[in-house]
Amino acid sequence: MARVGAVLLLLLGAVFVQTHAQLLQGAQPGATIAPAAAGASAANPCALGITFFPPGADNKPTGWTQPAQANVGNTASDQMVKTALAGYPVPMLYMAPVSVFTQVNGAVPGQCMGGTVDGVLTKPAHFTITWALAGAGGVIGPFTKGSKQDPPANVTLSAVPEIPDGDYCLQLKMDVVPGSGSAAVGTQMVPVPSAPQSITRQVCFIKMASRPTANVTFRSCNTSFAVDLMGITPKPMFANPQLPLFSTVFHVWGKLNRTFDRSPQADNLLDYFDQYVKWSDPASPPFLQVLMESPGLLNGYYNVWIEGSLATTYPDIVSLFGLDQYDDGSAKYMGVSLRNSSNRPVPIQTVRSKIADLAGPDIPVQMGQAATFTWETQGYGEQFCYVDGQKVANTADVVSGGMSVAGGRSAGVAVSNQTCSSRVAQQQQQQQDYG
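Residues numbered from 1 in each chain as written. Predicted model: local features only at pLDDT ≥ 70, side-chain atom pairs only at ≥ 80, totals over all residues. Heavy atoms only, no water.

### Thoughts on the sheet that holds strand E3 (residues 92-98)
Spatial ordering of the open sheet is given by E1-E3-E8, a layout of three strands whose pairing is antiparallel. Each edge of the sheet is formed by a strand with only one pairing partner; in this case those strands are strand E1 (49-51) and strand E8 (153-156). Here the average twist between neighbouring strands, direction ignored, is 35°. As paired elements, E3 and E8 share four bridges and run antiparallel to each other. Across the sheet, residue Met-92 finds its bridge partner in E8, namely Thr-156. (Pairing = 2+ DSSP bridges. Helix = DSSP H or I, 4+ residues; strand = E, 2+ residues; numbered from the N terminus. Axes fitted to C-alpha atoms, helices over the stretch in contact; angles between N-to-C directions.)

Right, dumping it as structure tokens:
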């Protein structure tokens, strides 16, 4: 008899080791593990089931609670719709077996004990939980479930705050220990269950603790003003093909700081802009653009602000930082300023720059003589002076006051046997190229 018991123990151990190894391999995020059993039913009253919402459970985060899951259409107690979480509070998932072998004082059908006579469960069977996530895992238990049981069993995922942002699935396997419970059949006590019982589930989630990011490029010297947002993170996420978790949203707004000069501008121009752009389709490139067509804005220097955030219409299953709300009623998370008023103002110009009131010597300039030229610029850009067809460096002894001038009056000093006025037209062309 001892030898038979040893063989049975070795067999059970081999089964457990193999199953545990398979569990640690995990499944791809979003994949579905076929349940080993759907729980007791009229056709199979002995089957093992599982619930993530046992009495006394307090799942964390909120997206794992039964009301939150029900609000997005999940009415199954042994399944979880994918959620988004930041890792704080530390995720904690409760679970309990649903079995005739764990319900004290409940009926145990005779067929579940290898007979025909029903019994009453007097001692609940023990169960263990095997879990695996992101290369970590373990076995916890054994636990018991009864009228005077300890608090419900739970898996506490203390490593989640430290793992990289990404798509994860928690792999779970519950095993009921054979012979660890007892059922009264008449005057006899029968050990239950007579064979191992197992059930597997997975709970998938998005870990997201980083704020949105983007590379920002301003395109302000054209017939329109644009803000390009490239390399955007994170990409939009879905709980399933019909249930979006969140989109990535950028709020871009600006206010005129000052005009380039006192030149009159067209009527009905605005001195501010305010736009939202959203990345909702993960299949599209990580690029968004804010565009203001000419001549919508007054030309000048603008203070520009850019805020990145995540938006969702399903906040029940999104447990991220910084809950706020957009005007359309969607929830706002992970807000971060990518640019604020402390940044250098952005020049916005939708008309070409030009040179006005160019003035120079009234008489020819002799070889070796210094010649002074003055001009006014309207618009933004860099200025250059050409002498004898060669661009003169913008240094104090050659040309002064000609570098990155935006409006106002400038002066240049050149040494040549010709006037510089014939070359300033080239400077104007350079202005146009920049503007």
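The discussion continues.
### Comments concerning the packing of aromatic side chains
Throughout the structure, instances matching the rule amount to eight aromatic pairs. Considering the side-chain rings of Trp-253 and Trp-305, the 6.0 Å spacing of their centres and the 15° angle between planes classify their relative orientation as stacked. With Trp-253 in strand E16 (residues 243-259) and Trp-305 in strand E19 (residues 300-312), this pair connects stretches of sequence that are 52 residues apart. Overall, the relative accessible area of 27% leaves Trp-253 in the partly exposed class. Chaining the aromatic ring pairs together yields one cluster made of Trp-64, Tyr-168 and Phe-205. Above the ring of Tyr-301, the side-chain terminus of Arg-258 is found at 4.2 Å from the ring centroid. (Phe/Tyr/Trp six-rings, centres within 6.5 Å; stacked < 30°, edge-to-face > 60°. Buried < 20%, exposed > 50% of the residue type's maximum accessible area, 1.4 Å probe, protein only. Lys NZ or Arg CZ within 6 Å of the ring centre and 35° of its normal.)

### Looking at the side chain of Asn-74
For Asn-74, the position within the fold is in the loop between helix H2 (66-71) and strand E2 (83-85). Among the polar contacts listed, one links the side chain of Asn-74 to the side chain of Gln-69, at a separation of 2.8 Å. Apart from the residues within four sequence positions on either side, Asn-74 is in contact with Gln-69, Gln-79, Met-80 and Val-81. (Polar contact = N/O pair within 3.5 Å; in protein donor to acceptor, adjacent residues only side chain to side chain. Contact = heavy atoms within 4.5 Å.)

### Section: the state of the cysteines
In total, this model carries two disulfides according to the counting rule given. Note that Cys-46 is cross-linked by a disulfide to Cys-112, the S-S spacing being 2.0 Å. Measuring handedness by torsion sign, the sulfur bridge of Cys-46 and Cys-112 sits at about -90° and is left-handed. Here Cys-112 lies in the loop between strand E4 (107-108) and strand E5 (119-123) and Cys-46 lies in the loop between helix H1 (2-25) and E1, a separation of 66 residues in the sequence. The side chain of Cys-169 participates in a disulfide bridge whose partner is Cys-204; the two sulfur atoms lie 1.9 Å from each other. Here the disulfide of Cys-169 and Cys-204 is right-handed, its torsion about the S-S bond being about 95°. With Cys-169 in strand E9 (residues 166-176) and Cys-204 in strand E12 (residues 197-207), the pair connects residues that are 35 residues apart, well separated along the chain. In this structure Cys-169 comes out as buried when scored by relative accessible area, which is 9%. Judged by relative accessible area, which is 8%, Cys-204 ranks as buried. (Disulfide = S-S within 2.5 Å.)

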